[in-house]
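Letter by letter, the chains look like this.
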Amino acid sequence: MEKKKIDGQLFEYQMSEELAAFILGKRKKEKSKLDPQPYLCQYVNDNCGIKGTCVYVHY
């Protein structure tokens with residue numbers, strides 16, 4: 001899960017609490033006990049199409 005991707009700038013991402021809960025609820029069982037921040041950052045980096053690297057997700 002610790003995949004490094006530096007394209008452009010580092011940024012923090014704001015998402016709704018409902019969306020964060022939905023994304024975290026879809027995690028596989030073995031990943032559900034891990035810290036949510038790296039998982040959410042990875043989700044943003046892989047799925048939101050934003051140039052740069054998400055380093056923190058506010059929700």
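The following refers to the structure shown. (Residues numbered from 1 in each chain as written. Predicted model: local features only at pLDDT ≥ 70, side-chain atom pairs only at ≥ 80, totals over all residues. Heavy atoms only, no water.)

**Some points on the packing of aromatic side chains**
Within this structure, the stated rule accounts for zero aromatic pairs. One Lys or Arg, R27, reaches over the ring of Y39 and ends 5.4 Å from the middle of that ring. (Phe/Tyr/Trp six-rings, centres within 6.5 Å; stacked < 30°, edge-to-face > 60°. Lys NZ or Arg CZ within 6 Å of the ring centre and 35° of its normal.)

**Notes on the nonpolar core**
F11, M15, A20, I23, L24, Y39, L40, C41, V44, C54 and V57 together form the largest nonpolar core, which totals 11 residues. Secondary-structure elements contributing two or more residues to this core are α1 (17-25), α2 (36-47) and β2 (53-58). With four residues, α2 is the largest single contributor of residues to this core. Leaving out residues up to four positions away in the same chain, M15 has contacts with A20, I23, L40, V44, V57, H58 and Y59. (Core = buried A, V, L, I, M, F, W, Y, C linked by side-chain atoms within 4.5 Å. Buried < 20%, exposed > 50% of the residue type's maximum accessible area, 1.4 Å probe, protein only. Helix = DSSP H or I, 4+ residues; strand = E, 2+ residues; numbered from the N terminus. Contact = heavy atoms within 4.5 Å.)

In short, shape yes, function no, at least from these values alone.
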